[in-house]
Amino acid sequence: MALTTENNLEQRIARVDAAVALREGDRVPMAPKIGMAYAQTAGIDRYEALNDARLLRPGVEKFLQTYPCDLFWAGSGYPIPMMETLGTTAIRWPGATCGVPLNQGFQIVDGTYMEEDEYDEFLRDPSHFCMTKVFPRKHKKLAGLAKLNFHEVVEFGHYASMAAFADPEVRQALLTLMFAGEQAVEWQRNSALLRETALACQTPLGALAGQNAPYDMLADNIRGFLNVPMDLYEIPEKVTAAIDIMTEYALQNVRRLKNTGSKYCFMPLHGGTDDFMSLEDYRTFYWPSLRRVMEEIIDCGMIPYVFCEGKYDTRLEVLREVPRGKVIYMFEQVDIARAKAVLGDTACICGNLPTSLLLYGKPHEVVDETRRLLDTCAPGGGFLMDCSIVLDHYKEENLEAWFDTTLQYGRY
């Protein structure tokens, strides 16, 4: 049975807008990060959902009609057909190709796609390096790109370099890219269908796109999550130079995202946790570029929706260095009372309710934790109710307890 609530798009938009602006609305907005939980509601496994996002539509509709959300978050996931086409090695997904059970999620592999002695080559020409080194190393069926050379620009050498395009492996890589492009268009079209479904359910859209922190762009996607922390001590000047390049890429991407019409820009933060980096290194290597990108998001008329993954207790004072009422910080693990005290007059906060509690706890435990969060964070506004990490599956009785407590006890 659906929970009783105001089912009006304008009311929900106003409710979230009030929280972001650090004001009290009619009640605390309910804005959980939903991932593959829509698949559970639709009665399909994650392999099916990642193969064809259209299959999630009945689940999205049923979920939003049952659990009234004040923001819609599309089920997070990478498209299996495109990854199969590319021969992706950077991600593992459910199904026979990677041997992951059909109802488990995808797994990102911490690979090394740039060796330490390749920093200089990357810094000289990052686009060429990514095309001829990173792409082939991440996708087996793009191996032919490693044979291309776009540095031959003079006379005979320029024309001679075209011979590489006759190489069967190069031609196969180009055909693969063309087919993957068609699949990317279909993936985007299917995602748009889910957004249309949410709007039909009178649910405002969350972030339509996202942007990583420049440090994470380097660590997560090129050099390796575990390698960069060591590089900070051995070759800090090269790491800084690489982060500068990633920052410019991020700024360019944010300007493109402006044209999507998205109100929010989601920013998952990975490498800046208390466990992986000292506060001094955070201020030196992580925060300056992150703040620059957040400022660009704000200048483009969007709201940075920043997911502070992992432990973030020592970063709270740093996170204050943003324009007032223009940022949302979502926390996974933090002293939420201190986060409210430090950030309450600066940014909207959310998260921190353990997703594990929703999965494995008892309804009365969910009620108690929800009330504690509301007592701590709701006064004065600037708070969204959310779980600690993306929700991929759930227990109905716990979700009902969570929503009901928030809708009733969270009124101003």
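Residues numbered from 1 in each chain as written. Predicted model: local features only at pLDDT ≥ 70, side-chain atom pairs only at ≥ 80, totals over all residues. Heavy atoms only, no water.

Visitor: I'd like to hear about helix H7 (residues 126-138), residue by residue, with values.
Guide: Helical geometry: 3.6 residues make up each α-helical turn, so side chains three or four residues apart lie on a common side. Along its 13 residues, H7 runs just 16 Å from first to last C-alpha, ending more than 12% under the 18 Å computed at 1.5 Å per residue. For H7, every residue scored as buried is listed here: Pro126, His128, Phe129, Cys130, Thr132, Lys133, Val134, Pro136 and Lys138. Against helix H6 (119-124), helix H10 (214-223) and helix H12 (236-257) lie the buried residues of H7. (Helix = DSSP H or I, 4+ residues; strand = E, 2+ residues; numbered from the N terminus. Expected span 1.5 Å × (residues − 1). Buried < 20%, exposed > 50% of the residue type's maximum accessible area, 1.4 Å probe, protein only. Contact = heavy atoms within 4.5 Å.)

Visitor: Please set out the environment of Tyr329 residue by residue, giving values where relevant.
Guide: Of note, Tyr329 is situated in strand S6 (residues 328-333). Its relative accessible area of 0% is what places Tyr329 among the buried residues. Distance from Tyr329 to Val20, taken between C-alpha atoms, is 10.0 Å for residues 309 residues apart in sequence. Among residues more than four places away in sequence, those in contact with Tyr329 are Trp287, Met294, Val306, Cys308, Leu319, Val322, Leu343, Ala347, Cys348, Ile349 and Cys350.

Visitor: If you had to explain the UniProt feature "domain: Uroporphyrinogen decarboxylase (URO-D)" (unreviewed entry) in the protein chain to someone new, which residues and values would you point to?
Guide: If you check UniProt for "domain: Uroporphyrinogen decarboxylase (URO-D)" (unreviewed entry), the listed places come out as residues 202-405 in our numbering. Structurally, residues 202-405 comprises 51% helix and 14% strand, and the distance from its first C-alpha atom to its last is 21 Å. (UniProt positions renumbered as here; feature names shortened; annotations may be inferred.)

Visitor: Give a description of the pairing of S6 that names residues and reports values.
Guide: Pairing analysis gives 5 bridges linking strand S5 (residues 303-311) to S6, with the strands arranged parallel. Residue pairing in the sheet places Phe307 in a bridge with Met330 of S6. Taken together, the 4 bridges between S6 and strand S7 (residues 348-351) define a ladder with parallel strand orientation. Bridge pairing in S7 places Met330 opposite Cys350. As for the winding sense of the linkage, the β-α-β connection from S6 through helix H15 (residues 336-343) to S7 is right-handed. (Pairing = 2+ DSSP bridges. Right-handed = clockwise from strand over helix to strand, strands pointing away.)

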